[in-house]
Amino acid sequence: MERILVTGGLGQIGSELVVALRQRCGAGNVVTSDIRMPPSERLAEEQLFELVDCTNRDQLQEVVVRHRIDTIFHLAALLSAVAEDKPQVAWEINMGGLYRVLEVARRHGCAVFHPSSIGAFGDSTPALDTPQDTIQRPSTMYGVTKVAGELLCDYYYSRFGVDARGVRFPGLISWVAPPGGGTTDYAVEMFYQALRYQHYTCFLEPDTRLDMMYMPDAVKACIDVMAADPSRLVHRNAFNITAMNFTPEELAAAIRKHVPDFVIEYRVDPVRQAIASSWPDRLDDAAARQEWDWNPEFDLDTMTRDMLDNLQRKLGAPPSQSSS
Ligand code: AKB
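Residues numbered from 1 in each chain as written. Predicted model: local features only at pLDDT ≥ 70, side-chain atom pairs only at ≥ 80, totals over all residues. Heavy atoms only, no water.

Right, let's talk about the site of the ligand for a bit. Around the ligand, the neighbouring residues are Leu79, Ser80, Ser117, Ile118, Tyr142, Pro170, Gly182, Thr183, Thr184 and Trp279. A distance of 2.6 Å separates an oxygen atom of the ligand from a polar side-chain atom of Ser80. At 2.7 Å, a backbone N or O of Thr183 approaches an oxygen atom of the ligand. In isolation the ligand exposes 250 Å². Once the protein is present, 94% of that is buried. Of the residues in the shell around the ligand, the class split is 5 nonpolar, 5 polar and no charged. Built from parts of two domains, the shell around the ligand gets at least three residues from each of domain 1 (4-171 + 213-240) and domain 2 (172-212 + 244-279 + 298-315). (Near = heavy atom within 4 Å. Polar contact = N/O pair within 3.5 Å; in protein donor to acceptor, adjacent residues only side chain to side chain. Areas by Shrake-Rupley, 256 points an atom, 1.4 Å probe, with all protein chains shown as cover. Nonpolar A, V, L, I, M, F, W, Y, C, P; charged D, E, K, R; others polar. Domains from an automatic or database assignment.)

With that settled, the discussion passes to the nonpolar core. Ranked by size, the top nonpolar core spans 42 residues in total, and within it Ile173, Tyr186, Phe246, Leu251 and Met303 carry the most contacts. Elements with a minimum of two residues in this core: helix H7 (186-197), strand S11 (199-202), strand S12 (210-214), strand S14 (244-246), helix H9 (248-256), helix H10 (270-277) and helix H12 (300-315). By residue number, the principal contributor to this core is H7, which donates 8 residues. Residue contributions to this core reach at least three from each of two domains, namely domain 1 (4-171 + 213-240) and domain 2 (172-212 + 244-279 + 298-315). In this structure, Tyr186 is in contact with Tyr200, Cys202, Phe203, Leu204, Met212, Phe246, Thr247, Pro248 and Leu251, ignoring residues within four places of it in sequence. Grouped together as the second largest cluster of nonpolar side chains are 33 residues, Ile4, Phe73, Val219 and Val225 included. (Core = buried A, V, L, I, M, F, W, Y, C linked by side-chain atoms within 4.5 Å. Buried < 20%, exposed > 50% of the residue type's maximum accessible area, 1.4 Å probe, protein only. Helix = DSSP H or I, 4+ residues; strand = E, 2+ residues; numbered from the N terminus. Contact = heavy atoms within 4.5 Å.)

Assignment of secondary structure puts Asp217 in helix H8 (residues 215-227). The charged side chain of Asp217 is buried without a salt bridge, its nearest counter-charge being Lys220 at 4.5 Å. Apart from the residues lying within four places of it in its own chain, the contact partners of Asp217 are Ala243, Trp294, Pro296, Glu297 and Phe298. (Lys, Arg positive; Asp, Glu negative; His and termini not counted. Salt bridge = Lys/Arg side-chain N within 4 Å of Asp/Glu carboxyl O.)

What follows concerns the domain arrangement of the protein chain. Splitting the protein chain by domain gives domain 1 (4-171 + 213-240) and domain 2 (172-212 + 244-279 + 298-315). Centre-to-centre separation of domain 1 and domain 2, based on C-alpha positions: 24 Å. Tallying the contact residues gives 27 residues for domain 1 and 29 residues for domain 2. Surface buried jointly by domain 1 and domain 2 totals about 2100 Å² across both partners, of which 65% is contributed by carbon and sulfur atoms. Scanning the region where domain 1 abuts domain 2 turns up 0 salt bridges. The tally of links between domain 1 and domain 2 comes to 12 residue pairs in polar contact (both at pLDDT 80 or more). Listing elements by their share of the side of domain 1 that touches domain 2, those giving two or more residues are helix H1 (12-25), helix H4 (80-85), S12 and H8. Split into classes, the residues belonging to the side of domain 1 that touches domain 2 amount to 14 nonpolar, 9 polar and 4 charged. (Buried area = accessible area lost by both parts, 1.4 Å probe.)

The next subject is unusual backbone geometry. Asn237 connects to Ala238 through a cis peptide bond whose omega is 5°. Within the secondary structure layout, Ala238 lies in the loop between H8 and strand S13 (239-240). Not every positive phi belongs to a glycine, and Arg68 is a case in point at roughly 50°. Along the chain, Arg68 falls in the loop between helix H3 (57-66) and strand S4 (71-74).

Following the criterion strictly, the structure yields 16 salt bridges and no others. Here Glu50 and Arg66 are joined by a salt bridge, their closest N and O atoms 2.9 Å apart. Of the two residues, Glu50 sits in strand S3 (residues 49-51) while Arg66 sits in helix H3, which places them 16 residues apart along the sequence. Among the residues examined, Arg66 registers a relative accessible area of 44% and is labelled partly exposed. A single salt-bridge network, built from bridges that share partners, covers Glu50, Glu62 and Arg66.

Under the 1.5 Å per step criterion, the end-to-end length of helix H5 (residues 87-108) is 31 Å for 22 residues, consistent within 8% with the ideal 32 Å. What H5 keeps buried is the set Ala90, Asn94, Met95, Gly96, Gly97, Leu98, Val101, Leu102, Glu103, Val104 and Ala105. Looking at the buried positions of H5, the neighbouring elements they touch are H3, S4, H4, strand S5 (111-113), helix H6 (141-160) and strand S8 (164-165). Gly109 lies just past H5 and shows a positive phi near 65°. (Expected span 1.5 Å × (residues − 1).)

The subject of this paragraph is the sheet that holds strand S10 (residues 171-173). Consider a sheet: its strands pair through backbone hydrogen bonds, and that pairing is either parallel or antiparallel. Within the open sheet, the 3 strands sit side by side as S10-S12-S14. Their pairing is mixed. Only two strands of the sheet have a single partner each, and these edge strands are S10 and S14. Each neighbouring strand pair of the sheet contributes to a mean axis angle of 40°, computed without reference to strand direction. Sheet topology places S12 next to S14; 3 bridges connect them, and they run antiparallel. Note on S14: the bridge partner recorded for Leu210 is Phe246. (Pairing = 2+ DSSP bridges. Axes fitted to C-alpha atoms, helices over the stretch in contact; angles between N-to-C directions.)

Okay, here's the thing in structure tokens:
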């Protein structure tokens, strides 16, 4: 992991992963790519930016060769709600992009990180302490691409020796870059609305329990799984990981400790509710803990405090009651 390309680098994970990788590997060794240009305020700090459509193999290959890339963090993908709205586009981007990344990796000897998701599970998966190896029959296009992606990555490892590794991310919470079109986005929205308006209308039912993770832990997971000693890995694609699980009602209660006037209402979106209801309540991440020492830092309370502190600074909102 010396010369790195991050696809989808302007997205929710990429925006923070690139910073962490540059600190670890040197700013000159990490290339950000995306299908769109960085906003003007970010362009100046993006010395190593490439416009890349991952479904275009020649474009991808040219960047990998020119920058002598040895590791690709392939983050470019559509999230669950958007994918359900545009299933054909989701297949093309999520599967077409991954296939081309793996092909370029095979030809040029790159390692590949590919994020899977709790979306790789479905109604017939055990919902509590979901095992690492279990039933995966998702009912969404997003889930179909995630399961197929896990299998394709394993295939490229066993057939061609491509060092492909991944994790199954839960909902990710960050104050830096917004998520785009996921089912777990409600959690991030709730923080913004709590600080701006002390009010949030949630699109999931109050008792919908899902695994979640704060972005610093998610970034750590991406890097640690790629840096893991391969002789310890029994699994590769993809490790269950989680840091906390909560319902909208429980997140609202955690926020209310700092924003006492915060009020939550519910107007349920049937499409996103159906997606969320088909996902597990709580993953068992023992394999990740055993095979590469996965150990998240943030729980619901520490994440909530840190989110509110950072968002207050970002939005210029008045300090919440118990912040420093
Ligand atoms: C989504 O909601 O689509 C994502 C995910 C859990 O994969 N955040």
